[in-house]
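Structural characterization, general
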Amino acid sequence: MSELIGLWIAALLTVFILSFLYKDNPFYKFAEHLFVGVAAGYVLALSWHNTIKPNLVEPLFYQGEWILIVPMAFGLLLFTRFIPKMSWLSRWSLAAIVGIYSGLAVVAIAEADFVTQIRATLIPIWDQTKWTQFSNQPSIVHFIHLFTNFITIFGLLTILFYFFFSVEHSGTWGLIAKIGTGLLMVGFGAGYGYTVMTRIALLIDRVVFLLGDVIGLL
Amino acid sequence: MSSVWTKINHLDKRWIYLFVLLAVALPLILPINLPLSPSGPVMSFYKAIESIPKGSIVLISNDYDPGSKAELYPMTEAVLYHLFKRNCRVVMLSLFPAGPPMSERAVARVTEDLPNLQYGTDFVNLGYKDGREAVLVEMGRSIRSAFPKDYRGIPYDSIALLKEVENYSSFALVISISVGYPGTKEYVQYAQGRFNLKLLAGAAAVSVPEYSAYYNSGQLSGMLTGISGAAEYEELIGRRALAAKAIDAQAIGHMVIILLIVLGNVAWFVTKGKKNHE
């Protein structure tokens, strides 16, 4: 019975939210506010039970891991922002957070997004294995694959040149920059297409829920 | 004739919503069963799971919430099914607060088909942990330290499966099914290179442009993207389920959107030409 009630509450709230597509209305507003409140409460309760209690309270107060007083103190200092005279103390915690995360990020991002990505572009323009693949199984897909390395290198160079402002973008340089711009547009278009795919998927999920789980039509 | 184009040009957007809704709903009611052929990244994902020894332990990080369930939940279910069929054991966790119920639901659904699986020996849900990148780095040292208890409140050391799990090196594969931050990108940046992980990704379609670079560079060993990726994967493992049902709806929905874009552009050019003529 409780599952059935839950199902109908979810169905009603889905319809309330979708009603915004017709026009803004009090049902939509109700569902929106309810979501914000429930989400905030859920995250608060989950953070207590899954993080603060098992990672701080229990080891500190029941298992005697006294070193945890240090992170707890830093955490509590963040709340001094509510007391104007003591608010400067919260900067110590923020400094620790910014410092630690920056330290982690510099190495991680330099390795994953810079060095490895550059290494991945150091490829031969002509890949013999792809030619062998095409020779053995001629198809449009394998034919296109013959040019992927060339397109990768050509695209990288032209797009990088578009962001190189020490040379005036006119004549031949202008043409290279324009090709770079064109390839960027292709990238943005593909990105937008994928965004539409995701949005359609969200609609499919709600339609499956309403027609399948609620009405039982699917 | 031009009045038709003028009408299209000023079409109330609510008609467009209705067309798209019908385009999505009708194929779900009357399936077309469009053919599916797995793409390269999906094939790599499948082969990576097929290549690990039976009985291996695999980490699945379900970093999404119900808002992204449409694309990512079918992947979770399909990947779990594939791993369990290969007698692999699974440790699940989430860096998203609403992720753990997604894991629970998926495993409940899969164990309906494979009823002999036991919690604690075949699979474990460690639940959610706040801390984002810090959690990813800490797991490289000790997973026990990051997750002293599982999602059900059972202490780490009381769970049989976790006695074999110390850090990332205990896993044959790490699979990040994610929609945003923190997710696959952070796994690549903070864990893959540093701890030498064999990392697979399940991602929403919107993430493809970003994650394709990681796949091409070899930082991701395989990738499922969106409903299409999930449907192709379901086809490969021989279990057509949620994504296979949805792929028809997505294809027809896209066709309607393409048609509307073409119509809109033609209408704009025709009416613009008329204005210039006047």
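It should be emphasised that the depicted structure is a prediction, and the values quoted were computed from it without experimental measurement. (Residues numbered from 1 in each chain as written. Chains lettered and ligands numbered in written order. Predicted model: local features only at pLDDT ≥ 70, side-chain atom pairs only at ≥ 80, totals over all residues. Heavy atoms only, no water.)

Brief notes about the overall build of chain A
Put simply, the test is: Only runs of H or I of at least four residues qualify as helices and only runs of E of at least two qualify as strands under DSSP, and these elements are numbered from the N terminus. Partly exposed describes any residue whose relative accessible area lies between the buried limit of under 20% and the exposed limit of over 50%, with all areas from a 1.4 Å probe on protein chains only and scaled to the type maximum. Every residue pair with non-hydrogen atoms within 4.5 Å of one another is taken to be in contact. Only the protein chains shown count as cover for residues, and all accessible areas are computed by the Shrake-Rupley method using a 1.4 Å probe.
The helix and strand inventory of chain A stands at 8 helices and 0 strands. Going residue by residue from the N terminus, the α and β elements of chain A occur as α-α-α-α-α-α-α-α. With the C-alpha coordinates aligned to their principal axes, the bounding extent of chain A is approximately 65 × 55 × 40 Å. By residue count, 26% of the 218 residues in chain A fall in the buried class. Within chain A, counting contacts between residues at least 6 apart in sequence, those at least 24 apart form 28% of the total. Of the roughly 15200 Å² of accessible surface on chain A, a fraction of 76% belongs to carbon and sulfur atoms.

Regarding the overall build of chain B
The test is simple: Only four residue types enter the tally: Lys and Arg on the positive side, Asp and Glu on the negative side; His and the chain ends are excluded. Here the site of a charge means NZ on Lys, CZ on Arg, CG on Asp, or CD on Glu.
When helices and strands are counted, chain B shows 11 helices and 6 strands. Here chain B, with 278 residues, has 54% of them falling under the buried criterion. Residue pairs in contact within chain B that sit at least 24 positions apart in sequence constitute 75% of those at least 6 positions apart. Treating the 27 positive side-chain charges of chain B as one cloud and the 24 negative ones as another, the clouds have centres 3 Å apart.

As for the sheet that holds strand β6 (residues 222–225) of chain B
Residues and elements named next belong to chain B. Inclusion rule: The pairing criterion for strands is at least two bridges between them, as found by DSSP. Between N-to-C directions, angles cover 0 to 180 degrees, with each direction set by a line fitted to C-alpha atoms, over the stretch in contact for helices.
Overall, parallel pairing links the 6 strands, which are arranged β3-β2-β1-β4-β5-β6 in an open sheet. Each end of this open sheet is capped by a strand with a single partner; those strands are β3 (123–128) and β6. Direction aside, neighbouring strands of the sheet carry axes that sit 15° apart on average. Here 5 bridges tie strand β4 (residues 173–178) to strand β5 (residues 199–203), and the two strands are oriented parallel to one another. In the strand pairing of β5, I177 is matched with G202. Running over the sheet, helix α4 (residues 69–85) touches β1 (57–63), β2 (89–94), β3, β4, β5 and β6 and is turned about 160° from β4.

Brief notes about the pairing of β5(B)
Residue and element names in this part refer to chain B. How we decide: By definition, the crossover connecting two strands over a helix is right-handed if that path, from the first strand to the second, turns clockwise as seen with the strands pointing away from the viewer.
With 5 of its 5 residues buried, β5 lies for the most part within the structure. Neither face of β5 is left uncovered, since the one carrying L199, A201 and A203 and the one carrying L200 and G202 both have all their residues buried. Of the crossover connections in this fold, the one passing from β4 over helix α8 (residues 184–195) to the parallel β5 is right-handed. Once the chain exits β5 it traverses helix α9 (residues 208–216) before rejoining the sheet at β6, and the crossover so formed is right-handed.

Thoughts on the domain arrangement of chain B
We count it as follows: Residue ranges for the domains originate in an automatic or database domain assignment.
Taken domain by domain, chain B comprises domain 1 (2–29 + 255–277) and domain 2 (40–240). When each unit is reduced to the centre of its C-alpha atoms, the spacing between domain 1 of chain B and domain 2 of chain B is 41 Å.

Describing unusual backbone geometry
Residues and elements named next belong to chain B. That bond from Y181 to P182 is cis: its omega, -10°, falls within 30 degrees of zero. Here R132, not a glycine, exhibits a phi torsion of approximately 45°, which is positive. Here R132 shows up in the loop between β3 and α6 (133–141). On the accessibility criterion, R132 (36% relative accessible area) is partly exposed. The phi dihedral of N196 falls on the positive side, at around 55°, and the residue is not glycine.

Some thoughts on the environment of A:T148
Residues and elements named next belong to chain A. Rules: Any pair of N or O atoms that falls within 3.5 Å is considered a polar contact. Within protein, one atom must be able to donate a hydrogen and the other to accept it, and sequence-neighbouring residues count only if both atoms are side-chain atoms.
Tracing the backbone shows T148 in helix α7 (residues 148–162). As a C-alpha pair, T148 and V70 span 78 residues in sequence and 53 Å in three-dimensional space. In terms of polar contacts, T148 uses its side chain to reach the side chain of K130, at 2.8 Å.

Re the interface of chain A and chain B
For clarity, the cut-off: Summed over both partners, buried area is the accessible surface (1.4 Å probe) that two parts give up on being assembled. Salt-bridge detection follows one rule: a side-chain nitrogen of Lys or Arg within 4 Å of a carboxyl oxygen of Asp or Glu. Residue polarity is assigned by list, with Asp, Glu, Lys and Arg as charged and Ala, Val, Leu, Ile, Met, Phe, Trp, Tyr, Cys and Pro as nonpolar; anything else, Gly included, falls into the polar class.
On the chain B side, the residues contacting the 39 residues of chain A number 50 residues. Interface of chain A and chain B: buried area, both sides summed, is about 3700 Å²; carbon and sulfur atoms make up 67% of it. On inspection of chain A and its partner chain B, the count reaches 2 salt bridges. Ionic pairing is found between A:E58 and B:K149, a salt bridge with its closest N-O pair at 3.0 Å. Where chain A meets chain B, there are 20 residue pairs in polar contact (both at pLDDT 80 or more). Looking at the side of chain A that touches chain B, the element that brings in the most residues is helix α8 (residues 171–214) of chain A, giving 16 residues. Split into classes, the residues belonging to the side of chain A that touches chain B amount to 26 nonpolar, 9 polar and 4 charged.

Comments concerning the packing of aromatic side chains
The geometry of an aromatic ring pair is captured by two quantities: the separation of the ring centres and the angle between the planes. Short version of the rule: Pairing of aromatic rings covers Phe, Tyr and Trp, the last counted by its six-membered ring, and requires centre-to-centre distances within 6.5 Å; plane angles under 30 degrees mean stacked, over 60 mean edge-to-face, and any other angle means tilted. Note on geometry: a ring has a charge over it if NZ (lysine) or CZ (arginine) is within 6 Å of the ring centre and within 35 degrees of the ring normal.
Counting across every chain of the model gives 20 aromatic pairs over all chains. Arranged with centres 5.8 Å apart and planes meeting at 80°, the rings of A:W88 and A:W92 form a pair that is edge-to-face. Of the residues examined, A:W88 reaches a relative accessible area of 44% and is grouped as partly exposed. On the numbers, 5.0 Å between centres and 75° between planes, the contact of A:Y162 with A:F163 is edge-to-face. Residue class for A:Y162 comes out partly exposed when judged on its relative accessible area of 28%. The class for A:F163 is partly exposed, based on a relative accessible area of 48%. Counting every residue linked through ring pairs, the aromatic cluster contains A:W126, A:W131, A:F134, A:F143 and A:F147. Directly above the ring of A:Y22 sits B:R14, whose terminal nitrogen or CZ lies 4.6 Å from the centroid.

Quick word on helix α5 (residues 99–113) of chain B
Operational definition: By this rule, a helix spans an expected 1.5 Å times one less than how many residues it contains.
With 15 residues, α5(B) extends 22 Å between its outermost C-alpha atoms, agreeing within 8% with the 21 Å of an ideal straight helix rising 1.5 Å per residue. Elements in contact with the buried residues of α5(B): β1, α4, β2 and β3 of chain B.

Topic: the pairing of β3(B)
Where a strand is regular, its side chains alternate between the two sheet faces. Residues and elements named next belong to chain B. Among the 6 residues that make up β3, 6 are buried, leaving the element largely enclosed by the rest of the structure. With 4 bridges joining them, β2 and β3 adopt parallel strand pairing. Note that in β3 the partner of V90 across the bridge is F123. Note on the crossover from β2 through α5 to β3: the handedness is right-handed.

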